Amino acid sequence: MAEFMTRPKMLVSGGLGFLGSEIAKNFFQEYAITIIDNLSTNVVSIDDLKDICGEITYRNMDLAKLSKVDLDWLNTELNDTTIFCHFAAAVGVKKIDQSPREAIINENKINHDLLPLLAKYKTKTIFASSSEVYGNQENCVEDQSLQIGPPDILRWGYACNKLMTEFLLKSYEIPHITLRLFNVTGPRQSSKYGMVIPKMIRDAIKTGKITIYGDGTQTRSFCHISDLIGSLKYLIEQDKFTNQTINIGNDQNRVTIEELAHLIKDTLKLDVEIEKIAFNDEYSANSKDILKRSPSIEKLKQFYRPQVKLKAIIEDIAKSYE
Ligand SMILES: NC(=O)c1ccc[n+]([C@@H]2O[C@H](COP(=O)([O-])OP(=O)(O)OC[C@H]3O[C@@H](n4cnc5c(N)ncnc54)[C@H](O)[C@@H]3O)[C@@H](O)[C@H]2O)c1
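None of these values were measured; they are calculated from a predicted model.

**Q** Quick question: what am I supposed to make of the pattern of salt bridges here?
**A** Opposite charge on two side chains makes pairing possible when the charged atoms of those side chains draw close. Counted under the stated rule, the structure contains 21 salt bridges. Among the ionic contacts, a cluster of salt bridges with common partners joins Lys-9, Glu-77 and Asp-80.

Here it is, written out as structure tokens:
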């Protein structure tokens, strides 16, 4: 207990989610971890996380609906927090498709209440932004023009939210690093909300069928969670990239969705049917698919080279279904 209290404090919003929980697991030896999560899409329980990390502080809190008590608690916590990893959000194309208005409004409310506190204490903030802000583009570079579709397609509200938070972090002069994440995946990522590799693997194993939405020529580049953690280890310890934006992804793992389906089938060595259906047979008119997406990671490579190849990512996720 005493030793826990002397470590610098790291607060992780969304800390029971896929990425947030991996951050807790990988940084608990150096930091006293506090987690905020509203249990909306969490993939681990606080008890499971405590089994791995030992002592950890947890607050079941919805950042979009903060009470006076919550705000007072945050005020006290942030006073001596060294790093705030802001990873709480409604995530997944399916989730946004099901309740786009809620996702847009909630992110606004979070920004309204949380960011002034981060500004007050000048808390170093690692913000999980998204490759969605680049729209339909490949080889995306951090300082290039961004591309967001029209408000008629509510899906774009997710990218708009991420971008607005990026602007607000700078407006409030909060010391920050913005990570634009390109399809970070791994064991325990939920298959429920449209994350393609866990979904294809689960469907292949459970139903013997992989479904491709659209013609399968859409491109994505997949990055293993360990490569996000590897880059974070550097970014959290160094001040070199403060107030900058960095793409986190793996440019070597770029595939079309059809190639991905076949790679999963071949890797799992299962008799799997691959079918194609129209994107909007699965998703509402609020959603439109992104056709091209891959990162330029020249900036990331200044300090970290992603290592895990796509086939190894598939094998790693498949193991978690055994
Ligand atoms: N995984 C990726 O490839 C990827 C890509 C781009 C951006 N991101 C961003 O990274 C972050 C984490 O993503 P993830 O893949 O771990 O998703 P996730 O759904 O597994 O984790 C999000 C966590 O946040 C919690 N949460 C949601 N809304 C909340 C609220 N209002 N208050 C408190 N907790 C709340 C959920 O319960 C969940 O545990 C998100 O901000 C997401 O937008 C992820």
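**Q** Before we go on, may I ask you to explain the packing of helix α6 (residues 100-121) against helix α7 (residues 156-171) in this structure?
**A** Relative orientation and spacing of two packed helices are given, respectively, by the angle between their axes and the distance between those axes. In contact at an axis separation of 9 Å, α6 and α7 are set at 10° when each is read in the N-to-C sense. Taken as axis vectors, α6 and α7 run roughly parallel relative to one another. Taking contact as the criterion, the partners of Ala-103, Ile-104, Glu-107, Asn-108, Asn-111 and Leu-115 in α6 are, on α7, Gly-157, Asn-161, Lys-162, Thr-165, Leu-168 and Leu-169. Classifying every residue of the contact of α6 with α7 gives five nonpolar, five polar and two charged.

**Q** Just checking my understanding: could you explain the site of the ligand for this structure?
**A** Not every one of the 29 residues close to the ligand is listed here, only the nearest: Leu-19, Asp-37, Thr-41, Tyr-158 and Val-184. Separating an oxygen atom of the ligand from a side-chain N or O atom of Thr-41 is a distance of 2.7 Å. Phe-87 is positioned such that a nitrogen or oxygen atom in its backbone is 3.2 Å from an oxygen atom of the ligand. Considered on its own, the ligand offers 830 Å² of accessible surface; in the complex 94% of this is hidden by protein. Elements with a contribution of two residues or more to the shell around the ligand: α2 (18-27), β5 (124-130) and α7. Class assignment of the residues belonging to the shell around the ligand gives a composition of 16 nonpolar, 10 polar and three charged.

Definitions and limits used
- Residues numbered from 1 in each chain as written.
- Predicted model: local features only at pLDDT ≥ 70, side-chain atom pairs only at ≥ 80, totals over all residues.
- Heavy atoms only, no water.
- Salt bridge = Lys/Arg side-chain N within 4 Å of Asp/Glu carboxyl O.
- Axes fitted to C-alpha atoms, helices over the stretch in contact; angles between N-to-C directions.
- Helix = DSSP H or I, 4+ residues; strand = E, 2+ residues; numbered from the N terminus.
- Parallel < 35°, antiparallel > 145°, perpendicular 65-115°, else oblique.
- Contact = heavy atoms within 4.5 Å.
- Nonpolar A, V, L, I, M, F, W, Y, C, P; charged D, E, K, R; others polar.
- Near = heavy atom within 4 Å.
- Polar contact = N/O pair within 3.5 Å; in protein donor to acceptor, adjacent residues only side chain to side chain.
- Areas by Shrake-Rupley, 256 points an atom, 1.4 Å probe, with all protein chains shown as cover.

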